[in-house]
Amino acid sequence: MSDQALAHETHGAGTRLVLVHGFTQTERCWGPVAADLAADHKVVRVDAPGHGGSAAVDADLPATADLLATFGPGTFVGYSMGGRMCLETALRHPHAVEALVLISATAGIEDEEERAARRASDEALAERIEAAGVDAFLDHWLSLPLFTGLPPEGRFDAERRTNTAAGLAASLRLAGTGTQQPSWDRLAELSMPVLVVAGADDAKFTALAHRLADAVGANATLAILPGAGHTTHLEAPDAFLAALRPWLAVHGR
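A few points on the structure. Not measured: the values here are computed from a predicted model.

1. Points about helix α5 (residues 134-141)
Every α-helix winds through 3.6 residues per turn, so residues three or four apart in the chain are directed the same way.
So, point 1. Along α5, the residues classified as buried are Val 134, Phe 137, Leu 138 and Trp 141. The buried residues of α5 occupy an angular sector of 100° when projected down its axis, which confines them to one face.
So, point 2. Elements that come into contact with the buried residues of α5 comprise α4 (112-132), α7 (157-160) and α8 (165-175).

Structural data, given as structure tokens:
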């Protein structure tokens, strides 16, 4: 576990929202969502370990949760990798997470062979980043079908290219989905309100979102946004905010 703090930027005033981005992004990749929320919230945008200003921070998921918990108490909003990190924080440090928003997230891979295969896949990606460099890897990464719905203004190519090969490779090896201990059987422990968001065009994560909400139980709210894929909040920011803001009005503290 690293004893380093995570880089972050804070904007606005009011109830606290902690935003945690996805793999290859940085805290500056939230687009219009962060600016809109900062109009009436204290928005803390965090660089995850291995990314942005936290490129030199090496941390697995439990260690990342310990680092993120220092930004609470507040509502934690995580996208994809950041969603997994925020979920881990809520399970390990429920006092820090007053409410939780999971965007295109998962509680892990349960099958041990499948999880091992994902670790091997992430290792291959890490080696590809180290061999080819960040620019070439991002050309490959952003061409994946997962990101076909991203509008040009939501890609943040230049910002992603500020990441380092060593940081991204370490993130995959330490906190990739294959390293995540599945927590499906623990989701009912979550006592805080949970908003689960997915894009309807992303069939895999729509199914995961339904399962997450069902496993959390009565505290969960499910929002499946039509016309959006994996990067829901960047592909359909207005629809995302239309789902998030009424929920925050009721559950945000």
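2. What about the packing of α4 against α8?
So, point 1. Put simply, α4 and α8 touch, their axes get as near as 9 Å, and they point 175° apart. Taken as axis vectors, α4 and α8 run roughly antiparallel relative to one another. On α8, the residues touching Asp 122, Glu 123, Leu 125, Ala 126, Glu 127, Ile 129 and Glu 130 of α4 are Ala 165, Leu 168, Ala 169, Leu 172 and Arg 173.
So, point 2. In terms of residue class, the contact of α4 with α8 is built from 7 nonpolar, no polar and 5 charged.

3. Description of the side chain of Thr 232
So, point 1. Tracing the backbone through its elements, the reader meets Thr 232 in helix α10 (residues 232-235).
So, point 2. Leaving out residues up to four positions away in the same chain, Thr 232 has contacts with Ile 103, Ser 104, Val 197, Ala 198, Gly 199, Leu 225 and Pro 237.

4. Digging into the pattern of salt bridges
So, point 1. Tallied over the full model, the rule gives 16 salt bridges.
So, point 2. Glu 27 is paired through a salt bridge with Arg 45; the nearest N and O atoms lie 2.9 Å apart. A residue pair is termed long-range when its members are at least 10 positions apart, and Glu 27 in the loop between β2 (16-20) and α1 (32-37) and Arg 45 in strand β3 (residues 42-46) qualify at 18 residues. Residues Glu 27 and Arg 45 agree in their burial class; the two are buried.
So, point 3. Asp 36 is paired through a salt bridge with Arg 245; the nearest N and O atoms lie 2.8 Å apart. Placement of Asp 36 in helix α1 and of Arg 245 in helix α11 (residues 237-251) is noted, with a sequence separation of 209 residues between them.
So, point 4. Residue classification places Asp 36 among the partly exposed positions, given a relative accessible area of 31%.
So, point 5. Its relative accessible area of 26% is what places Arg 245 among the partly exposed residues.

What counts as what
Residues numbered from 1 in each chain as written. Predicted model: local features only at pLDDT ≥ 70, side-chain atom pairs only at ≥ 80, totals over all residues. Heavy atoms only, no water. Buried < 20%, exposed > 50% of the residue type's maximum accessible area, 1.4 Å probe, protein only. Helix = DSSP H or I, 4+ residues; strand = E, 2+ residues; numbered from the N terminus. Arc of directions from axis to C-beta. Contact = heavy atoms within 4.5 Å. Axes fitted to C-alpha atoms, helices over the stretch in contact; angles between N-to-C directions. Parallel < 35°, antiparallel > 145°, perpendicular 65-115°, else oblique. Nonpolar A, V, L, I, M, F, W, Y, C, P; charged D, E, K, R; others polar. Salt bridge = Lys/Arg side-chain N within 4 Å of Asp/Glu carboxyl O.

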